[in-house]
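Here is how the chains run, residue by residue.
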Amino acid sequence: MKYDAIIVGSGFAGSVLARMFAEDGMKVLVCEKRSHIAGNMYEEEQENGVRVHKYGPHIFHTNNKKVFNFLEKYGEWYFYEHRVLGKINNVLVPIPFNFKSLELLYSQQKANEIKSRLLEKYKNVEKVSILDLVNCSDEIIKEFGEFVYKNVFENYTAKQWNIPISEVSKTVINRVPVILSYDDRYFQDKYQFMPKNGYTKLFENLLAHDNITIKLNTDALNYLNVSKNKIYVQEEEYSGIVIYTGQIDQLFNYKYGALPYRSLNLVFENYDMNYYQSSAVVNYPNEEQFTRITEFKYFSNQLINKKTTILKEYPRKYDYKDEKSIPYYAIISDDNLMQYKKYYNLVEKIPNLYMCGRLAEYKYYNMDAVIERAFELYEEVKENGKTEKTKRKK
Ligand code: FAD
Ligand code: UDP
C-alpha cells in the first residue's frame, strides 16, 4: 500500500488532518463516499445563481485564534455576524431572546420591571441559561423564564428532537442562552467570518496538495475492514494510519445496534424577489412544522438582483437502513453515550485507527470544535508515531 495514511471522509475532520499530514511529507488517501468533497459544509449554486449550503446553513464562529489563523491560509474570509429572529405570538423578535425581544412582547412597564430584576440578579453577566431562569428563586424572573421556555424552547425542541424537552440533554438546550442586553447576535464569539468564495472553494484549497489523493464516490467500507484488531485494505493488512470520520457503528457493522440520530428534510425554494425575509434566519418554534427558514443571500456574499433562495428545515427520523437518510444530529443521552463507548472500546484495541468528527465521535460538534479536535489528534498521532518508532528500534 503506497499511502502512509487513509482518511475516511472529506469534511473538516478529514480534510484538516489530510492537509497537516501532507505538509509533513506523508502520502495521504482521502476516501469520500459522496460525489463531492467538503462534508456537510458543501455549497452549490441553484439555477438562479444563489449559492446554498446543501446540508443546512453553516455559519463560522470561534473563540480559537489558532483555528481561524489556520483557515485564513486557505481562502479569503469576510466579517459576518449572524442574526436570527423568531416568530413568537406573531411578532418577529431577536433570538437568542434579549432585552429587545422582551420589549416587543411585554408592556413597557412589565419589560422594565423584568429587565431591572435580571440586571440586579445577574450583575456583570452577559448571558444566562434558560434552565437557570426557570429555576430562579425570584418569582418575576422565574415567570419570565417560563414564558421564554414555553414560547421559544419547548415546542421547537420537541419538534427538532421528537421527544419532550425534559428528555433532551441540557447541553443541547444551553447552546442558545438568554442575553441580558440588546446584543442581537446569534453567537458571541470573537471571530465570526464566512468564506468569501464559499466553503467548497475553501475545501478545494485545503485539499490541493501533491501528497493528497482524493477518491470520490468511494465508500471506504467497501475496501477497508476491521478484523481481529487489525485493519485490512483489500484483504491485505494495513499498518499505516487510518483516520475515520464516518459513523462508528457502521464501521463495526452495527454489532451493538445502530446509534440513534435525527435527520432533516431540507426543502429549498426559489423566489423572484430581492429578499424573502428580514433576517438571514427566522426560527418558527411553535405553529409551523419546520423549525427555521434560512435565506442564503444574507451570507453568500453575492449581489443577485430579484432572485433569492430559502431553505425550510423539517426535522425527521433517521433510518440507518435507508441509504438516502442522512445522520445530521447525534442524540445525546446517557444510554446512547454508553452504546457509543462500547464501539469505542473496539477502536482502542486497534493501534493505527483514530476517530475524528461529529459521526465518528458521536458528538454535537461545531465546525471550529472539529478543527480543534483535528489539531489535537494530529499531535496524538505524531506522538504515537514516535513511540512506535522507538519500540521498533528496540
Ligand atoms: P462531516 O462534515 O459530516 O463529514 C464526514 C464525511 O465523511 C462526509 O462527507 C461523509 O460523506 C463521509 N463519509 C462517511 N462515511 C464514509 C465512508 N464509509 N466512506 C467514505 N466517506 C464517508 N457548525 C458550525 O460551526 N456552525 C453552524 O452554523 C453549523 N450549522 C449546522 C447545521 C446543521 C443542519 C448541522 C447538522 C450541523 C451544523 N454544524 C454547524 C456542525 C457541522 O456540520 C459539523 O461540525 C461538521 O460537519 C463536522 O465535520 P465532520 O468532518 O466531522 O463531518
Ligand atoms: N432551540 C430552541 N428554540 C430556538 C432555537 C434553538 O428551542 O429558537 C433549542 C433546540 O433544542 C435546539 C437547540 O436549542 O435543538 C440548539 O439550537 P442551535 O440553533 O444551536 O441548533 P443547530 O444550529 O445546531 O441546529
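Everything that follows concerns the structure shown earlier in this document.
This text gives an overview of the structure that appears in the document. No experiment lies behind these values; they were computed from the predicted model shown.

As a structural note, the neighbourhood of ligand 1 is formed by 32 residues, with Glu32, His58, Ile59, Tyr365 and Met367 the closest of them. One of the backbone N or O atoms of Ala13 is found 3.0 Å from an oxygen atom in ligand 1. At 2.9 Å from an oxygen atom of ligand 1 is found a main-chain nitrogen or oxygen belonging to Asn40. Protein chains bury 96% of the 990 Å² of accessible surface belonging to ligand 1 in isolation. Broken down by secondary-structure element, the contributors of at least two residues to the shell around ligand 1 are helix H1 (12-23) and helix H11 (367-393).

So, on to the site of ligand 2. Around ligand 2, a shell composed of 15 residues is seen, among which Thr157, Arg175, Tyr186, Tyr329 and Tyr364 lie nearest. Trp161 has a polar side-chain atom sitting 2.9 Å from an oxygen atom of ligand 2. The separation between an oxygen atom of ligand 2 and a polar side-chain atom of Arg175 is 2.8 Å. Summarising the interface, the protein chains cover 93% of the accessible area of ligand 2, which totals 520 Å² for the free molecule. Of all the elements, helix H6 (residues 139-161) adds the most residues to the shell around ligand 2, at six residues. Per-class residue counts for the shell around ligand 2 are ten nonpolar, three polar and two charged.

Taken in spatial order, the three strands make up an open sheet running S13-S14-S15, and their pairing is antiparallel. The open sheet has two free edges, formed respectively by strand S13 (224-227) and strand S15 (236-237), since each of these has just one partner strand. In terms of strand pairing, S13 meets strand S14 (residues 230-233) through four bridges, oriented antiparallel. Bridge pairing in S14 links Ser227 to Lys230.

Look at H1: 16 Å from first C-alpha to last across twelve residues, which is about the 16 Å you get at 1.5 Å a residue. Downstream of H1 by one or two residues, Gly25 has phi in the positive range, about 95 degrees.

Okay, the side chain of Asn48 next. In this structure, Asn48 sits in the loop between strand S3 (43-45) and strand S4 (51-53). Only 3.4 Å separates the side chain of Asn48 from the backbone oxygen of Thr308, close enough to count as a polar contact. Among the polar contacts listed, one links the side chain of Asn48 to the side chain of Thr309, at a separation of 2.9 Å. Those residues in contact with Asn48 that sit more than four places away from it in its chain are Asn270, Ile304, Lys307, Thr308 and Thr309.

Quick look at empty space enclosed by the protein now. Taken as a whole, this structure holds one cavity of 30 Å³ or more when the rule is applied. Its volume calculated, the largest cavity comes out at about 30 Å³. Taken together, Glu43, Arg51, His53, Met194, Pro195, Gly198, Tyr199, Phe299 and Ser300 make up the full set of residues lining the largest cavity. For the lining of the largest cavity, the secondary structure elements donating two or more residues are S4 and strand S11 (191-195).

Attention now goes to the sheet that holds strand S1 (residues 5-8). Pairing is parallel across the open sheet formed by five strands, whose spatial order is S12-S2-S1-S16-S22. Only two strands of the sheet have a single neighbouring strand rather than two, namely strand S12 (212-215) and strand S22 (353-355). Across the sheet, the mean angle from the axis of one strand to that of its neighbour is 20 degrees, orientation sign disregarded. Pairing between S1 and strand S16 (residues 241-244): four bridges, direction parallel. In the strand pairing of S16, Val8 is matched with Tyr244. Against the sheet, H1 engages S1, strand S2 (28-31), S12 and S16, with an angle of about 165 degrees to S1.

Summarising the element assignment, Gln234 is placed in the loop between S14 and S15. C-alpha separation for the pair Gln234 and Lys121, spaced 113 residues apart in sequence, amounts to 63 Å.

Inspection of the entire model under this criterion finds 33 aromatic pairs. Summarising the aromatic geometry, the rings of Phe21 and Tyr378 are spaced 6.1 Å apart at their centres and angled 35 degrees between planes, so their arrangement reads as tilted. Taken as a pair, Phe21 in helix H1 and Tyr378 in helix H11 lie far apart in primary sequence, 357 residues in all. In this pair, the class of Phe21 matches that of Tyr378, namely buried. Each ring, one from Tyr80 and one from Phe299, has its centre 5.7 Å from the other, and the planes form 70 degrees; the classification is edge-to-face. Residue Tyr80 is found in the loop between strand S6 (77-79) and strand S7 (84-88), and its partner Phe299 is found in the loop between strand S19 (292-295) and strand S20 (308-317); the two are separated by 219 residues along the sequence. Grouping residues by exposure puts Tyr80 and Phe299 together as buried.

The next point concerns the nonpolar core. Among the nonpolar cores identified, the biggest contains 130 residues, and Phe12, Phe21, Leu118, Phe144, Ile243 and Leu353 are the most heavily contacted of them. Here this core takes nine residues from H6, the largest share from any one element. Those residues in contact with Ile243 that lie beyond four places of it in its chain are Ile6, Ile7, Val8, Leu17, Phe21, Tyr354, Cys356, Leu377 and Val381. One finds Tyr284, Phe290, Ile293 and Ile310 within the second-largest nonpolar core, a separate group that totals six residues.

Bringing the pairing of S11 into the picture now. S11 sits mainly inside the fold: five of its five residues count as buried. Of the two faces of S11, the one carrying Tyr191, Phe193 and Pro195 and the one carrying Gln192 and Met194 are both buried. For S6 and S11, the ladder comprises three bridges, and the chain directions are antiparallel. Bridging across to S11, Trp77 finds its partner in Pro195.

Rules of the game
- Residues numbered from 1 in each chain as written.
- Chains lettered and ligands numbered in written order.
- Predicted model: local features only at pLDDT ≥ 70, side-chain atom pairs only at ≥ 80, totals over all residues.
- Heavy atoms only, no water.
- Near = heavy atom within 4 Å.
- Polar contact = N/O pair within 3.5 Å; in protein donor to acceptor, adjacent residues only side chain to side chain.
- Areas by Shrake-Rupley, 256 points an atom, 1.4 Å probe, with all protein chains shown as cover.
- Helix = DSSP H or I, 4+ residues; strand = E, 2+ residues; numbered from the N terminus.
- Nonpolar A, V, L, I, M, F, W, Y, C, P; charged D, E, K, R; others polar.
- Pairing = 2+ DSSP bridges.
- Expected span 1.5 Å × (residues − 1).
- Contact = heavy atoms within 4.5 Å.
- 1 Å grid on protein atoms, 1.4 Å probe; cavity = no way out; pocket = protein on both sides within 12 Å on 5 of 7 lines; lining within 4 Å.
- Points joined across faces, edges and corners; volume = space filled by probe spheres on them.
- Axes fitted to C-alpha atoms, helices over the stretch in contact; angles between N-to-C directions.
- Phe/Tyr/Trp six-rings, centres within 6.5 Å; stacked < 30°, edge-to-face > 60°.
- Buried < 20%, exposed > 50% of the residue type's maximum accessible area, 1.4 Å probe, protein only.
- Core = buried A, V, L, I, M, F, W, Y, C linked by side-chain atoms within 4.5 Å.

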